[in-house]
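Coordinates in review
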Amino acid sequence: MPAQKSKYQEIIKKFRATKVLVFGDVMLDLYIQGDVERISPEAPVPIVLERSREYSLGGAGNVAANIAALGGRVTLMGNIGNDNEEDFVRGLCRRSGIVPRFLHESKRPTSVKMRAVSGQHMLLRIDREKIGAISKDTEKKAARMVKNLPDQDLVLISDYAKGFVTKTAARVLKKRFGGKKIIANIKPMPIAQVGAFAFKGIDIGLFKGINTITMNANEGRFYTGVDTSTDKGAANASRLLSKRLNASVVLTRGSHGLTAYDNKLKKAIHVANRALHVFDVTGAGDTVVATLAFMLGSGESLFKAAEVANHAGGIVVGRRGTAAVLPSDLRPFLY
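Parameters at a glance
Residues numbered from 1 in each chain as written. Predicted model: local features only at pLDDT ≥ 70, side-chain atom pairs only at ≥ 80, totals over all residues. Heavy atoms only, no water. 1 Å grid on protein atoms, 1.4 Å probe; cavity = no way out; pocket = protein on both sides within 12 Å on 5 of 7 lines; lining within 4 Å. Points joined across faces, edges and corners; volume = space filled by probe spheres on them. Nonpolar A, V, L, I, M, F, W, Y, C, P; charged D, E, K, R; others polar. Patch = residues over 30% accessible without salt bridge, like charges linked within 9 Å, V, L, I, M, F, W, Y side chains within 5 Å. Areas by Shrake-Rupley, 256 points an atom, 1.4 Å probe, with all protein chains shown as cover. Salt bridge = Lys/Arg side-chain N within 4 Å of Asp/Glu carboxyl O. Helix = DSSP H or I, 4+ residues; strand = E, 2+ residues; numbered from the N terminus. Buried < 20%, exposed > 50% of the residue type's maximum accessible area, 1.4 Å probe, protein only. Pairing = 2+ DSSP bridges. Axes fitted to C-alpha atoms, helices over the stretch in contact; angles between N-to-C directions. Contact = heavy atoms within 4.5 Å.

With respect to empty space enclosed by the protein
Under the definition given, this model contains 3 cavities of 30 Å³ or more. The volume enclosed by the largest cavity comes to roughly 110 Å³. If you trace the largest cavity, you find it lined by G24, D25, V26, N79, R108, P109, S111, K130, I134, K162, G163 and F164. Partitioned by chemical class, the residues of the lining of the largest cavity number 4 nonpolar, 4 polar and 4 charged.

What to know about a nonpolar patch on the surface
The grouping of V36, L123, L124 and I126 at the surface amounts to a nonpolar patch, some 310 Å² of accessible area in total. The element contributing the most residues to the nonpolar patch is strand β7 (residues 121-128), with 3 residues. With respect to the helices and strands, the residue V36 is situated in strand β2 (residues 26-39). A relative accessible area of 35% means that V36 is categorised as partly exposed.

Quick word on the sheet that holds strand β6 (residues 111-118)
Consider a sheet: its strands pair through backbone hydrogen bonds, and that pairing is either parallel or antiparallel. With mixed pairing, 4 strands are arranged side by side in an open sheet as β3-β2-β6-β7. The sheet is open, and its two edges are formed by β3 (46-59) and β7, each paired on a single side. Adjacent strand axes in the sheet meet at a mean angle of 20° when their direction is disregarded. Alignment of β2 against β3, held across 13 bridges, turns out to be antiparallel. Bridge pairing in β3 links V26 to G59. Packing of helix α3 (residues 84-96) onto the sheet brings it into contact with β2, β3, β6 and β7, and relative to β3 it is tilted by some 60°.

Structure representation (C-alpha cells):
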C-alpha cells in the first residue's frame, strides 16, 4: 500500500508542474433540467417544466476543464463570440483556474449546445454555432498569439471540425512547441447518419509527426477503410494510422474499450471497457484525451496512460453532462 501511495503522489506532483496548452473548438454546454407532466396540445411533443439550468465548458473547453481538475496549469485558446455566452465561458474558466486566450470573429457566435433533460433522459438538443474555416485575418491573429505564448510542456489540439484548427495553426503549433509535445483529438464532421456513419474528412496529414492522435472507432474506420469493431481490426487501423502519421494512436471503441498503438514499440494493446453504468457519454472522449495528457505529462508510458484514461472514461459516462475526473478518482489505478 505505501508504494501505491508514493506512486500516486509522484504522478500528481509531476503533473501539477506541467503547463498545458489546449487549442481548439471551444463550446458552452447548457443543461436545462425539468419535469415532463404532459404532452403539448399544439404538437405531439412533451412540455418540459424547467427546474434548473447548468452551464459547463464543452469541446476544447471540456478538455481544459479536465486538465485543470487533474491539477495541470492550463491555457485555453480558441474562438468564441462577442456575446453574452462569452461571459459564461470566461466565468467557467475563472472558476476552474483556466487561463483564457480567446479570439473573436465577426458574425461567429459562441458555440452553444443546449440540452433539455428530464430525469435520466435527454429530450432535445439545440445547437447554435457557425461551422466553417475561420477567416485568414483570424488565422493570422491566432498564429501570432501562439508565437507569443510562453513555453508549454504539452499541447492538446481538440478539433471538432468547427473551423478553428487549420493547416496554418497545426504548422505554427508544431514549429513553436515541437511535434512530440502535441496530442491531438480529432472529430471529422458527420454529414450523414443513415445506417452507418459518414464524415466530411479533414486532412489528418496536418498532424504528422506529433506525439499521439486520438479518435473514435468510426473515425478510425473512415480514415483507413478498416473495420474497427474487432480487436484485430482496431489494431490494424491503428497501425496504418501510426505509419501514415509517424505518431502513436489511441482509438476509443465505446463498449469495446480502447486500442492503443505505440509508434516506438510498433505494438498495440487492447483495454477492455470498465464502465459499470452508462448514464451520459457526453464529453467522455475529452476526458480520455485529458487523462492521456495527465499520464504522459507525468512520464508514464502510452500503454499505462491508455489504461488509466480508459478507467477515466468509464467513470465520466456514469455521470451526467460534461463531467471531469479528479486525481482521487484515478488513485486506485495509479500504481
